[in-house]
Amino acid sequence: MAIKNVGVIGCGLMGSGIVQVAAQAGFDVLFVEADDALVTRGLERLRQTLEGLVAKGKLEAKAKDETLGRIAGTTRLEELKASDLVVEAMTENQVLKNETFAKLDRICPPHAILASNTSSCNVTAMAAATRRPGQVLGVHFFNPVPLMKLVEVVRTILTDEAAVKTVTEWARAVGKTPVQAKDSTAFIVNRLLVPYLLDAIRVYEGGLATLEDIDAAMKLGCGHPMGPFTLLDLVGLDTTMYVAEVMFEEFREPRYAPPPLLKRMVLAGHLGRKTGRGFYRYEGT
Ligand code: 3HC
């Protein structure tokens, strides 16, 4: 099946990256946000990002204009009625996602594939909320989406092979390297990454070393591009805690339980770069 029109639900951190890479790859993209102010903000963020790439000489001005011409935003889910593929990138809330998939099933054409960028919600539950469970799957991008090469294509026990093939090809078309995983909480990357990030917090809580030294140790000692606390601030402490809680709920292993400090930082609103403060402070955000 040829994909031309792509719908993206949510134009936040992940959603705007997905809109960007899809539009840059030549797909017509319509994103849906909760209100007019968020639609305007999403379009503005995309325009600024692309203009920044032009200013750095990484994108032609003409390509920027063409890319922006392929992007539109709306507040109405019903406008996704011409989509061949919808990628849901809302906040991590299973009930909301199930409801959205049931609505999309009624709105989208019968051939459309409904995909979720979830990192931890149950894709099988989303599929079961539709009358097309064979065409529902996970398509998990990584933050920052335009720079990270990987996409996890996640199949449930209900997913048709044809849908996996189409989405795998689409992931390649938007410049990513797809890997395939089964619908098991946290898939491949977060299953391995989240316990590491939680351990870093525990080590810091225990007073072993400073944040800066733990980050430097993992960067310079292991060749990681970022230390764990810089990465936690990038991903978002709320997102990390949510993923950890879902993993703990699913597997009941103490190593997935969010450490006390993480919980308190989230309660304090120190969510990372997006709030200007996480483990580190960020000026001018
Ligand atoms: N589109 C295209 N290019 C962009 C861009 C965009 N939106 N934003 C920035 N760039 C370009 C910049 O212009 C820059 O180009 P230049 O080097 O020519 O100036 C280039 O990308 C790199 O920018 P930075 O200088 O910011 O990049 P760094 O070299 O510092 O690398 C990084 C940044 C790629 C984020 C690297 O630090 C890294 O790989 N960190 C680890 C990130 C990671 O692990 N992510 C996964 C998190 S887990 C997750 O997402 C799962 C979820 O479910 C929780």
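As a reminder, the structure under discussion sits directly above these lines.
Definitions and limits used
- Residues numbered from 1 in each chain as written.
- Predicted model: local features only at pLDDT ≥ 70, side-chain atom pairs only at ≥ 80, totals over all residues.
- Heavy atoms only, no water.
- Near = heavy atom within 4 Å.
- Polar contact = N/O pair within 3.5 Å; in protein donor to acceptor, adjacent residues only side chain to side chain.
- Areas by Shrake-Rupley, 256 points an atom, 1.4 Å probe, with all protein chains shown as cover.
- Nonpolar A, V, L, I, M, F, W, Y, C, P; charged D, E, K, R; others polar.
- Domains from an automatic or database assignment.
- Helix = DSSP H or I, 4+ residues; strand = E, 2+ residues; numbered from the N terminus.
- Buried < 20%, exposed > 50% of the residue type's maximum accessible area, 1.4 Å probe, protein only.
- Core = buried A, V, L, I, M, F, W, Y, C linked by side-chain atoms within 4.5 Å.
- Contact = heavy atoms within 4.5 Å.

Trainee: Give a description of the site of the ligand that names residues and reports values.
Mentor: Taken together, the neighbourhood of the ligand is formed by 19 residues, with Gln-20, Lys-56, Lys-58, His-140 and Asn-143 sitting nearest. At 2.8 Å, a backbone N or O of Asn-143 approaches a nitrogen atom of the ligand. Interatomic distance of 3.1 Å between a side-chain N/O atom of Asn-190 and an oxygen atom of the ligand. The fraction of the free accessible surface of the ligand (1100 Å²) that becomes covered by protein chains is 63%. Among the residues forming the shell around the ligand, the class breakdown is eleven nonpolar, six polar and two charged. There are two domains that each give the shell around the ligand at least three residues, and those are domain 1 (5-182) and domain 2 (190-275).

Trainee: Quick one: what's the story with unusual backbone geometry, residue by residue and with numbers?
Mentor: Each neighbour pair has its own omega, and for Asn-143 with Pro-144 the value is 0 degrees, a cis peptide bond. Despite not being glycine, Arg-252 has its phi angle at roughly 55 degrees, a positive value. Here Arg-252 is to be found in the loop between helix H10 (237-251) and helix H11 (260-267). Residue classification places Arg-252 among the exposed positions, given a relative accessible area of 56%.

Trainee: Summarise the nonpolar core; cite the residues concerned and give the values.
Mentor: With 33 residues, the main nonpolar core has Phe-141 and Trp-170 as its most contacted residues. Sort the elements by how many residues they give to this core and helix H1 (residues 13-24) lands first, with six residues. With residues near it in sequence (within four places) discarded, Phe-141 still touches Met-14, Ile-18, Val-21, Asn-117, Leu-150, Val-151, Trp-170, Val-174 and Lys-176. Ranked by size, the runner-up nonpolar core spans 25 residues in total, among them Ile-214, Phe-229, Leu-237 and Tyr-256.

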